[in-house]
Structures are given as C-alpha cells and as structure tokens.
Amino acid sequence: MNPYKCEQCDKIFSSKKSLGRHRRRHANVRPYTCEQCGKSFIFPSSLKNHKKTHAALKPYQCDQCNKSFSSVGNLTIHKRTHAGLKPYQCDQCDKSFSQMGNLGTHKRIHTGLKPYNCDQCSKSFSQIGNLKVHKRIHAGLKPYNCDQCDKSFTQNGNLTLHKRTHEGLKIYHCDQCEKSFSCSGNLRNHKRTHTGTKPYHCDQCPKSYRQSQHLTVHKRNHSGFKPYHCDRCNTSYTRMDSLMKHKKTEKHHLCSQQDKSTVILRSISTQTTLYKDGKVFFYD
C-alpha cells in the first residue's frame with residue numbers, strides 16, 4: 001500500500017482520508033463550532049471533548065500538579081508544560097508551541113490575517129479570544145481586580161503579571177546578561193536585542209521590528225490612521241506616548257485654559273447666552 005505524505009511537514013499517513021484530516025491543521029480550518037461559547041475546532045471529536053468543559057467534567061488529572069482536564073489529549077498537551085516540550089516551531093521566528101493549533105494561530109501574525117472583526121470599531125484580530133477581550137474595552141469591563149491596589153484588568157493574565165510588580169518577582173532571566181523579567185514574552189523580546197532578530201517585516205517598506213506591536217504602530221504611518229485624539233485640541237496621534245507628550249506642551253494647556261474660559265448659560269427665553277473672554281454673544 002502506498003503511503004500518503006504531507007507536503008508541508010513530511011508526516012506519513014496510511015489513508016488519503018487521514019491525510020485530508022491532517023491537512024486541516026495546516027490550513028487551520030475549523031468547521032465545528034461550539035454553540036455555547038463560539039470556539040471552533042478542526043475535528044468533531046475535539047468539539048465533543050470541549051463541550052465537557054461546559055459540563056464541568058474533568059476526569060483526567062495531572063500527576064505533577066492539581067490540574068484536571070476534560071480529555072486525555074488535553075492532559076497530554078498540559079504535561080508538555082512540565083517537560084518544557086514545544087515541538088511545533090514557527091519557520092519565520094523563534095517561537096515554539098506545545099500545540100499545532102497555537103502555531104497556526106501564531107502564523108497569522110506574520111501573514112497579517114485577522115479574520116475576527118469588531119462590530120463597534122475598525123479593529124480586527126487573529127484570534128476570536130482576543131476579539132472577546134477587546135470588546136470589554138467598549139463595554140468598559142475590567143473584571144479582574146488587584147487586591148493590593150485599585151487597578152483592574154480586562155484579562156486575568158494581565159492581572160497575574162501586574163501582581164508580580166507588587167511582589168517584585170522577575171522569574172525569567174536572560175542567560176546572556178543580568179536582566180530579568182516578570183513574564184516570558186518580555187524575556188523573549190529582550191533576547192532579540194542580543195541576536196538582532198527582527199521577524200516582523202513591513203510589507204510597504206524595508207523596515208523590520210522585534211515586536212509585532214511595533215510593526216502595527218509603524219503601519220499607521222503608511223495608512224495615516226491616528227487613533228489617539230486630544231480631548232482639548234483638534235489633534236490626533238498614531239501612538240499613545242505621542243499624545244501624552246502633547247498633553248504636557250504649552251499648546252495643550254492654552255487649549256485647556258480657553259475651554260475653561262467658555263461657559264454656556266441658558267437664559268429664561270429660548271436664547272442661548274455664550275460668555276467668552278469677557279464678551280457676551282446671543283444665539284437663537
């Protein structure tokens with residue numbers, strides 16, 4: 001019997017059907033969707049296992065920690081975190097993943113594919129989970145509260161990282177210099193300063209960047225998109241730090257003083273009285 005070989009990863013399968021199912025992983029096609037949370041899956045069996053999480057059924061327990069899982073497959077993937085195994089390597093940067101699906105999602109950063117669109121603004125996302133978190137910004141929801149200060153966060157992971165600032169924990173150490181970091185992502189970005197790696201390339205000019213968010217900000221120079229607006233002046237900026245710098249300038253303070261000198265008063269009649277700079281104006 002002739003084996004069926006995947007042309008993207010060289011895996012071999014005993015049947016054409018098995019090869020076809022495997023190819024979905026590379027294409028990241030997820031036709032099976034959970035009606036309770038919106039998550040999508042490549043295989044119906046994965047959806048079936050996922051539904052157990054809604055029913056709170058987690059019969060498979062890790063023998064190295066107290067975590068439990070709804071399927072033996074999820075337990076196997078979890079055990080890779082203890083072993084430090086990340087067998088799925090991105091061919092465009094230095095990131096590795098414990099799951100094939102996570103690698104497929106990550107590759108959208110390099111391709112620029114963002115299939116999940118916010119219906120309240122122009123932002124798009126490579127993951128549906130990121131879209132859900134983003135929507136909390138529009139709703140003003142920050143459900144994760146720090147018990148040591150008044151800060152709140154849209155994501156539990158951000159709260160966990162924030163708490164390390166109170167504890168002074170920097171558990172991720174660079175093996176090439178004395179710097180330490182509170183999260184692994186910051187360490188990974190820092191290591192690129194040693195290697196000079198800039199995996200995020202602009203498709204409109206020759207510039208490259210060490211971090212994807214720096215590329216996102218740079219692309220606004222090409223598009224002219226300026227999402228940060230001054231609430232006093234008629235000015236907008238591509239970056240938040242540019243807006244903060246502007247707010248410290250004399251121009252911003254003059255605008256603020258001018259706004260404070262303008263008071264709208266309602267007269268007894270239907271006219272509107274505008275008092276500004278010592279002068280009175282009447283408008284019907």
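Residues numbered from 1 in each chain as written. Predicted model: local features only at pLDDT ≥ 70, side-chain atom pairs only at ≥ 80, totals over all residues. Heavy atoms only, no water.

Caption draft 1: Inspection of the overall build of the chain at higher detail. In terms of regular secondary structure, the chain is built from 10 helices and 21 strands. Among the 284 residues that make up the chain, the fraction classed as buried is 26%. Considering only residue pairs separated by 6 or more positions, the chain has 7% of its internal contacts joining residues 24 or more positions apart. By element, 49% of the accessible surface of the chain is carried by carbon and sulfur atoms, the whole surface being about 19700 Å². (Helix = DSSP H or I, 4+ residues; strand = E, 2+ residues; numbered from the N terminus. Buried < 20%, exposed > 50% of the residue type's maximum accessible area, 1.4 Å probe, protein only. Contact = heavy atoms within 4.5 Å. Areas by Shrake-Rupley, 256 points an atom, 1.4 Å probe, with all protein chains shown as cover.)

Caption draft 2: Structural view of the pattern of salt bridges. Within this structure, the stated rule accounts for 6 salt bridges. Ionic pairing is found between E35 and K51, a salt bridge with its closest N-O pair at 3.4 Å. Taken together, the residues E35 in the loop between β3 (32–33) and β4 (40–41) and K51 in helix α2 (residues 44–54) connect sequence positions 16 residues apart. Ionic pairing is found between D63 and K79, a salt bridge with its closest N-O pair at 4.0 Å. On the criterion of sequence distance, the pair formed by D63 in the loop between β5 (60–61) and β6 (68–69) and K79 in helix α3 (residues 72–83) is long-range, its members being 16 residues apart. Among the residues examined, D63 registers a relative accessible area of 63% and is labelled exposed. (Salt bridge = Lys/Arg side-chain N within 4 Å of Asp/Glu carboxyl O.)

Caption draft 3: Layout of the environment of R192. Here R192 is to be found in helix α7 (residues 184–195). C-alpha separation for the pair R192 and D94, spaced 98 residues apart in sequence, amounts to 9.3 Å. When residues no more than four places from it in sequence are discounted, the contact partners of R192 are D94, K95, T197, P199, Y200, R210 and Q211.

Caption draft 4: Spatial organisation of a positive patch on the surface. The grouping of K11, K17, R21 and R25 at the surface amounts to a positive patch. Along the chain, the position of K17 falls in helix α1 (residues 16–27). (Patch = residues over 30% accessible without salt bridge, like charges linked within 9 Å, V, L, I, M, F, W, Y side chains within 5 Å. Lys, Arg positive; Asp, Glu negative; His and termini not counted. Charge placed at Lys NZ, Arg CZ, Asp CG, Glu CD.)

Caption draft 5: Local environment of the environment of S15. Positionally, S15 belongs in the loop between β2 (12–13) and α1. Along the sequence, S15 and K5 sit 10 residues apart, while their C-alpha atoms lie 9.6 Å from each other. Polar contacts involving the side chain of S15 include one to the side chain of S18, which spans 2.9 Å. (Polar contact = N/O pair within 3.5 Å; in protein donor to acceptor, adjacent residues only side chain to side chain.)

Caption draft 6: Layout of α1. In this model α1 runs 17 Å from its N-terminal to its C-terminal C-alpha over 12 residues, within 8% of the 16 Å that 1.5 Å per residue would give. A positive backbone phi angle near 55 degrees is found at N28, which sits one or two residues after α1. (Expected span 1.5 Å × (residues − 1).)

Caption draft 7: Representation of the side chain of H22 in the model. On the secondary structure map, H22 appears in helix α1. Residue H22 is classed as buried on the basis of its relative accessible area, which comes to 6%. Those residues within four positions of H22 in sequence are excluded, and the remaining contacts are C6, C9, K11 and F13.

Caption draft 8: View of the nonpolar core. Counting 6 residues, the largest nonpolar core consists of Y88, C90, C93, F97, M100 and L103. Apart from residues lying up to four places away in sequence, L103 is in contact with Y88, Q89, C90 and F97. (Core = buried A, V, L, I, M, F, W, Y, C linked by side-chain atoms within 4.5 Å.)

Caption draft 9: Quick look at the environment of G104. Positionally, G104 belongs in helix α4 (residues 100–111). Residue classification places G104 among the buried residues on the basis of a relative accessible area of 16%.

Caption draft 10: Representation of the confidence of the model for the chain within the structure. Confidence in the prediction of the chain, expressed as mean pLDDT, is 80, and 88% of residues score 70 or more. Per-element averaging of pLDDT across the chain places strand β20 (residues 272–276) at the bottom with 39 and strand β16 (residues 208–209) at the top with 92. Of the regions scoring below 50 in pLDDT, residues 261–284 engages in 32 contacts with residues more than four places distant in sequence or in other chains. (pLDDT = per-residue confidence, 0-100.)

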